[in-house]
Amino acid sequence: MSGFVEQTGCFGGLFRKARRTRYPTHDTASTQKSGDISAVDTRVHHDEKCCYFNLTCDYSSCQESERWHLLEDPPSPTCSKAESDTEVPDQGILELVENTLNQLSPELRDISMKIHANPELMFEEKYAHDLLTDYISRQGFKVTKHYLGLATAWRAEYQHGKGGRVVGINSEMDALAGMGHACGHNLIAISGVAVAIAVKATMEACNIPGKVILLGTPAEESGGGKVTLIKRGGYKEMDVCLMCHPAPGRPHSISVASTLAMQQIEVEFFGRTAHAGAAPWEGTNALDAAFIAYSSISVLRQQMKPDCRVHGIVLGRNWSANVIPDYSKMIWIARAPTFADLAPLVERVKNCLHASALATSCKVDLNVGPAYYELNQNEVLGQAFVDILRDRYGMPQTNVASSASTDFGNVTFEIPALHPVYAIPTEPQGGNHTPAFAKAAATLEAHRATMTVSNGLALTALRVLSDPLFFHQVKAAFSKSQLANNRVS
């Protein structure tokens, strides 16, 4: 925002110059895990049709043998002394943020465990909604429940002074069917709360003008809650937006790499029943349509790029071996490194589905869900965050793109944003979307890692609020990425 006057006083020396020493990165081939695709249900929420799907998330940033495993004694994080152009937070401000979060840690741990013990699916996060809004309102935030017509979305905001910039933060809440919090959203929920409260405390103590907005975002695993919030204006006021996500990885490591773009296609084939033995020629076989579609997409894989994926399942209704099926349903998910790669792939998949209907004389109904874009990580925000986590907390960066997908990717194409991934200890083969990861998300080690990363996000957010030059660089990096992605008209 224009008209911002750089603050003096306790925040005037928040970030001091030091010459940058580049940190080592570890580049290894990412491994994509397979997973079961759950049946999809299309429901109506507040007169808007939402598509539901179950993502296969693999946020891991290293090979299995390199992961931080439970019950092992990992190396302690080693802090490196900044010697370069790195902006080093003032010791007093560091202590203010850290002391705030240290005091909150037991309460946030309790909230995390309550959410973990009460997993809720997409758009049904009522317990988490009430628990989090009650807590954040008692911290001096203005809370809007059921935000923008979504029953389990919420907004908490705090304004200090007049003017200033607006920092957004996200808390996710939803779990996975049959697995609970197997993607660690109980940790993401409390991280957002922690960052918002730490930023508020520092704004008050140092008289920093601006606003912090914490959004409780439902249905990340299924339903694209953030996509709906974007359409309804939930992010328009924000200058930047931050959040984080747990994953398997090297001990005490972080990553600010990208993810895959993704889109779901749900198709239904409608035929006509007939006795399969007496008069099969009188029927129109909807199951044949599904099998032809499956075969067509399997053949399509020969022409797909190596880094693209299409995977799906077949569902039926009242099938019997001696009756020609009059109905079949398929759920497909297409993935690609970028939305630009994804869009033509989705069109080719749709062609396969339409062709199978034509070949079998079935009627077809296609429902294409909202696209999840790849993460367009803001380079300036990312570098600032990495510098803080490395220099203050000894957490190295792992530079490996993830095969996961997230609706926060769409946010990163709307405003400058950052979605770092951080390691928590897991069991062997216990990556995201496994029962083992749900167990890992409840460990004390995972909580401690979450609080450390929340310190880094809070300090990054405070720099956006306090440093006009830094914010100018953040906006310039975003504009550059928009041009590179052909997103500027």
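Residues numbered from 1 in each chain as written. Predicted model: local features only at pLDDT ≥ 70, side-chain atom pairs only at ≥ 80, totals over all residues. Heavy atoms only, no water.

The protein appears in an unreviewed UniProt entry as Peptidase M20 dimerisation domain-containing protein from Amanita muscaria.

Trainee: Teacher, can you tell me more about the sheet that holds strand 9 (residues 240–242) here?
Mentor: Strands belonging to one sheet form pairs held by backbone hydrogen bonds; the direction of such a pair is parallel or antiparallel. Strand order in the open sheet formed by six strands is 5-6-8-7-9-16, with mixed pairing between adjacent strands. The sheet terminates laterally at strand 5 (142–145) and strand 16 (417–418), the two strands that pair on one side only. With two bridges joining them, strand 9 and strand 16 adopt parallel strand pairing. Bridge pairing links Leu 242 to Leu 418 in strand 16. Of the strands in this sheet, strand 7 (165–172), strand 8 (210–217) and strand 9 are in contact with helix 10 (residues 444–466), which crosses strand 7 at around 160°. (Pairing = 2+ DSSP bridges. Helix = DSSP H or I, 4+ residues; strand = E, 2+ residues; numbered from the N terminus. Contact = heavy atoms within 4.5 Å. Axes fitted to C-alpha atoms, helices over the stretch in contact; angles between N-to-C directions.)

Trainee: Would you take a moment to explain the sheet that holds strand 15 (residues 363–368) for this structure?
Mentor: A sheet is described by the order of its strands in space; here four strands give the open sequence 13-14-12-15, paired in antiparallel fashion. Every interior strand has two partners, whereas the edge strands, strand 13 (309–315) and strand 15, have only one. Sheet twist, expressed as the average angle between the axes of neighbouring strands with direction ignored, equals 15°. On top of the sheet, helix 5 (residues 286–300) reaches strand 12 (261–270), strand 13 and strand 14 (327–336); it is set at about 20° to strand 14, its chief contact. Set on the sheet, helix 6 (residues 339–360) makes contact with strand 12, strand 13, strand 14 and strand 15; between it and strand 12 the angle comes to about 10°.

Trainee: Honestly, the pairing of strand 7 in this entry has me stumped. Any pointers?
Mentor: When a strand is regular, its side chains alternate between the sheet's two faces. With eight of eight residues buried, strand 7 lies mostly within the body of the structure. Of the two faces of strand 7, the one lined by Arg 165, Val 167, Ile 169 and Ser 171 and the one lined by Val 166, Gly 168, Asn 170 and Glu 172 are each fully buried. Looking at chain direction, strand 7 and strand 8 are connected through eight bridges and run parallel. Each residue of the ladder has a partner; that of Glu 172, found in strand 8, is Thr 217. Bridge count for strand 7 against strand 9 is three bridges, and the pairing is parallel. When the sheet's bridge partners are listed, Gly 168 is paired in strand 9 with Cys 241. (Buried < 20%, exposed > 50% of the residue type's maximum accessible area, 1.4 Å probe, protein only.)

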